[in-house]
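Structure at a glance
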Amino acid sequence: MESKKIVVNAKEFLKTLKRTVIATEDAKRTVLKGVHVLVGQDFLIIEGTDAFSLERNKIQAKVDPEFINREIWIEYTFAKKLSKSVSKHGEKIVLIPQFDNSLVDGAIGTLTVIDGYGEIFVDEHPLDSFTNYPQLDRIIPQEGSIKFTTTKKKILPTLKEAYQLVKKEEWNAVKMVINQGKVTLNASGQEFLIDATEVNDKDLSIYFNVSKLIKLISNNSMNASLDFSFQESLRPILIKREKGNLSVLTPIRK
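Below, the structure is looked at part by part.

By size, the foremost hydrophobic cluster in this structure holds 42 residues, and its most contacted members are I6, F13, L44, I72 and I74. Each residue touching I72, except ones within four places of it in the same chain, is listed here: I6, V35, H36, V37, V39, P97, F99, I108 and L111. Counting 31 residues, the second largest nonpolar core, distinct from the first, contains A162, I206, L226 and I239.

Given below as structure tokens:
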């Protein structure tokens, strides 16, 4: 009998997995040290957090009805190794999760991944069946009224320049200032102008870890829009991308 399965586009799945691994690499708690997958009727929501930054992405999938509304845990080192070579796994990837239905929550036992070339990878490190992964949708902030739009191509060089000035500091903190239709970064007394559009007329200054923001946007397409929004200086930064995918970055108190 053929195993029940989930089928996804290989590049889309692996790029999303890689992005999520980056957001979880600094996690201290075991429950956060991995990738959490919510299974829908024809999609997967792939998410992860280290309690300071967060990734949540939705991709299309062909899902066996048995898996709808299930949750899958992908252990961090397995996810990192699997997503290392995004372009070397063919066109499609098959996911075969094994659930222990004798447990109340039907905890996942092993996850078998078969790539487009028939190579088999097995994750044998399930999340403890008594552990509940945080409900990330509850902590994702609402879109704020202070906004601007940019792209990775426009903002990344500026972030890297600022990082060079604060890389020896514990939190790699820089200050972003939105004022009079301009967005600037201040790092160790030096100011950098961010190439941004659709900057509204509200003012804000907020401190954040610039190295974490660099990592969060590192796997985005160069020219795809990054829509930043803010509620206030001590609330998380929300970064929206295409198809409703998003990142969240917690600010630093200074």
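A few words on the pattern of salt bridges. Counted according to the given criterion, the structure contains eight salt bridges. For K4, the salt bridge identified is with E66, shortest N-O distance 3.8 Å. On the criterion of sequence distance, the pair formed by K4 in the segment before strand 1 (6–9) and E66 in the loop between strand 5 (62–63) and strand 6 (71–75) is long-range, its members being 62 residues apart. Relative accessible area serves as the criterion here: at 35%, K4 is assigned to the partly exposed category.

On to the packing of aromatic side chains. In the structure shown here, the tally under the stated rule is six aromatic pairs. With centroids separated by 6.1 Å and ring planes inclined at 50 degrees, the aromatic side chains of W73 and Y133 adopt a geometry described as tilted. Pair noted here: W73 is in strand 6 and Y133 is in the loop between strand 9 (120–123) and strand 10 (146–151), with a separation of 60 residues, a long-range link. Assigned by exposure class, W73 and Y133 land together as buried.

Turning our eyes to something else, we now look at the sheet that holds strand 1. As summarised here, the arrangement of the five strands in space is 5-1-7-8-9, forming an open sheet in which the pairing is antiparallel. Looking along the sheet, the strands with just one partner apiece sit at the ends: strand 5 and strand 9. In this structure, strand 7 (residues 92–99) lies alongside strand 8 (residues 108–114), joined through five bridges in antiparallel fashion. Within strand 8, the residue paired with L95 across the bridge is V113.

On to the pairing of strand 1, then. Alignment of strand 1 against strand 7, held across four bridges, turns out to be antiparallel. Bridging across to strand 7, V8 finds its partner in I93. Where strand 1 and strand 5 come together, two bridges link them in antiparallel fashion. Paired with I6 across the two strands is V63, which belongs to strand 5.

Across its 15 residues, helix 3 (residues 152–166) extends 20 Å between first and last C-alpha, which sits within 8% of the 21 Å expected from 1.5 Å per residue. Turning to helix 3, its buried residues are K152, I155, L156, T158, L159, A162 and V166.

Paired through their backbone hydrogen bonds, the strands of a sheet run either parallel or antiparallel. As summarised here, the arrangement of the four strands in space is 13-12-11-14, forming an open sheet in which the pairing is antiparallel. Each having just a single partner strand, strand 13 (190–193) and strand 14 (204–209) make up the two edges of the open sheet. Taken over all neighbouring pairs, the strand axes of this sheet differ in orientation by 25 degrees on average, direction set aside. By the bridge criterion, five bridges tie strand 11 (residues 173–179) to strand 12 (residues 182–187) in an arrangement that is antiparallel.

Here is what the cut-offs are and how they apply
Residues numbered from 1 in each chain as written. Predicted model: local features only at pLDDT ≥ 70, side-chain atom pairs only at ≥ 80, totals over all residues. Heavy atoms only, no water. Core = buried A, V, L, I, M, F, W, Y, C linked by side-chain atoms within 4.5 Å. Buried < 20%, exposed > 50% of the residue type's maximum accessible area, 1.4 Å probe, protein only. Contact = heavy atoms within 4.5 Å. Salt bridge = Lys/Arg side-chain N within 4 Å of Asp/Glu carboxyl O. Helix = DSSP H or I, 4+ residues; strand = E, 2+ residues; numbered from the N terminus. Phe/Tyr/Trp six-rings, centres within 6.5 Å; stacked < 30°, edge-to-face > 60°. Pairing = 2+ DSSP bridges. Expected span 1.5 Å × (residues − 1). Axes fitted to C-alpha atoms, helices over the stretch in contact; angles between N-to-C directions.

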